[in-house]
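Below, each chain spelled out in residue letters.
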Amino acid sequence: MLEQLAGIADQVRIRIPDAHRRPIAVVGAGEIVDVAHLPAYRAHGLDIRGIYDLDAAQAREVATRHELPHVYACLDDLLADPDVEVVDIAVVPTAQPSVATAAVAAGKHLLCQKPLAPDLATARRLAGDAEAAGVRMAVNQQLRWDEGIAVAREIVAAGWIGEVTTIAFTVDVATDFSGWGWLVDSDRLEITYHSIHYLDAVRSILGDPLRVFATASRVPEQKTRGETHTISTLVFTGERRAVVHANHNNLSADQRAEFRINGTRGAVHGTLGLMYDYPHGRPDTLRLHSAVLPTDGWLHYPVSTRWVPDAFAGPMAGLLAWIATGQQAPTAAQDNLRTLALVEALYRSIDTGQAQHLDPV
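Residues numbered from 1 in each chain as written. Predicted model: local features only at pLDDT ≥ 70, side-chain atom pairs only at ≥ 80, totals over all residues. Heavy atoms only, no water.

Caption draft 1: Representation of the overall build of the protein chain in the model. When you go through the protein chain residue by residue, the secondary structure sums to 11 helices and 13 strands. What you see for the protein chain is a C-alpha radius of gyration of 20 Å, in line with the 21 Å of a compact globule of 361 residues. In terms of principal-axis extent, the alpha carbons of the protein chain reach across some 55 × 50 × 40 Å. Residues counted as buried form 53% of the 361 residues belonging to the protein chain. A fraction of 68% describes how many contacts in the protein chain between residues 6 or more apart in sequence connect residues 24 or more apart. Only carbon and sulfur atoms are counted for the fraction: they give 50% of the accessible area of the protein chain, which is about 15300 Å². The protein chain carries 31 positive and 43 negative side-chain charges, and their two centres are separated by 4 Å. (Helix = DSSP H or I, 4+ residues; strand = E, 2+ residues; numbered from the N terminus. Rg over C-alpha atoms; globule rule 2.2 N^0.38 Å. Buried < 20%, exposed > 50% of the residue type's maximum accessible area, 1.4 Å probe, protein only. Contact = heavy atoms within 4.5 Å. Areas by Shrake-Rupley, 256 points an atom, 1.4 Å probe, with all protein chains shown as cover. Lys, Arg positive; Asp, Glu negative; His and termini not counted. Charge placed at Lys NZ, Arg CZ, Asp CG, Glu CD.)

Caption draft 2: Spotlight on the nonpolar core. In this structure, Ile 51, Leu 110, Leu 116, Met 137, Phe 169, Tyr 198 and Met 316 are the most contacted members of the largest nonpolar core, which totals 114 residues. If one sorts the elements of this core by residue count, helix 11 (residues 333-352) sits on top with 9 residues. (Core = buried A, V, L, I, M, F, W, Y, C linked by side-chain atoms within 4.5 Å.)

Caption draft 3: Local environment of the pattern of salt bridges. All chains considered together, the criterion is met by 19 salt bridges. Between Arg 49 and Asp 47 there is a salt bridge whose closest N-O contact spans 2.7 Å. The network of salt bridges with common partners includes Arg 144, Asp 200, Arg 203, Asp 208, Asp 335 and Arg 338. (Salt bridge = Lys/Arg side-chain N within 4 Å of Asp/Glu carboxyl O.)

Caption draft 4: Fine view of helix 6 (residues 120-133). Between its first and last C-alpha, helix 6 extends 20 Å over 14 residues, near the 20 Å set by a 1.5 Å rise per residue. Buried residues along helix 6 sit in contact with helix 5 (96-105), strand 5 (137-139) and helix 11. Among the residues of helix 6, the N-terminal cap falls to Asp 119, whose side-chain oxygen and the backbone nitrogen of Ala 121 are separated by 3.2 Å. (Expected span 1.5 Å × (residues − 1). Polar contact = N/O pair within 3.5 Å; in protein donor to acceptor, adjacent residues only side chain to side chain.)

Caption draft 5: Geometry of the sheet that holds strand 5. In spatial order, the strands read 2-1-3-4-5; together these 5 strands make up an open sheet with parallel pairing. A strand with exactly one partner marks an edge of an open sheet, and here the two such strands are strand 2 (48-52) and strand 5. Across the sheet, the mean angle separating the axes of adjacent strands is 20° when strand polarity is ignored. Relative to strand 5, strand 4 (residues 109-112) runs parallel, the two being bridged by 3 bridges. What sits directly across from Leu 110, in strand 5, is Met 137. Sitting on the sheet, helix 5 is in contact with strand 1 (24-27), strand 3 (86-89), strand 4 and strand 5, with an inclination near 165° to strand 4. (Pairing = 2+ DSSP bridges. Axes fitted to C-alpha atoms, helices over the stretch in contact; angles between N-to-C directions.)

Here is the structure:
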């Protein structure tokens, strides 16, 4: 049984072969680049040619800390660099479409932050422009590569818990959003910028739902404009269901961030350590109960990596493999449109109080 788990651990390990590597430049020098993107890329020995940010001092500071060879004076200089083949965009959502459009026009492959765009129509345009230009565009939905999520997905694919019946994400934490000024003022918050991770992870296992229902709320005197507590229910073919319950207003000591996949022959249960005392977090956990193997109770899987920074190598690895081999990245922009369509359907449900179907993409 341990040999079988070792086999899955080998399957989900993020690898970037030498033949896939391309020179990369980064647009944006914020916290997520500093603590996630660049450490993950360094761990895999990727070639980061330089960085650009509107805040030149911040860009220089990050470049020095991560020993990057160049700080670009402007976006045009970065895009004009003939040595750069891939652009990693990590800017505020409202700025991303214009940066992505310019990168596509310059013939650069690109990894975009999630959400790909503020609305589905803009995301469709970006994905279509990239396809027409012959450049690869992927989206940084890195939770798919979190070791616990990736192992759970392989366990499901192996049939070790039988047919999936339900997937549940429960995140009940206290989140201080004040560090992201643009997020504090956003009309939409929780689903667009947080639960989108879990929704995309559900899609990676079950595909697209037939219809969805959601409800959202705020707490009195919260500083953020958008919703901070949501419950999203997804209905799939047959008897399969998923629910994402996210609350960012838990002020007690019993905070939790976990997921569970139930099947007809077992279950997988995991915790998302990052969400405990974010951004410091703690190690993830994963355990399996299977009547197929069987496990004789719960069998613990030794998770050895973390969502931040380790999983952030995954979307870039997928993009680089797509460029090198032609095999579409798991989070290719065209696929990610389905995640955005899901997000949009959930907000329509919130607004109307009615179940919704996903828009075609």
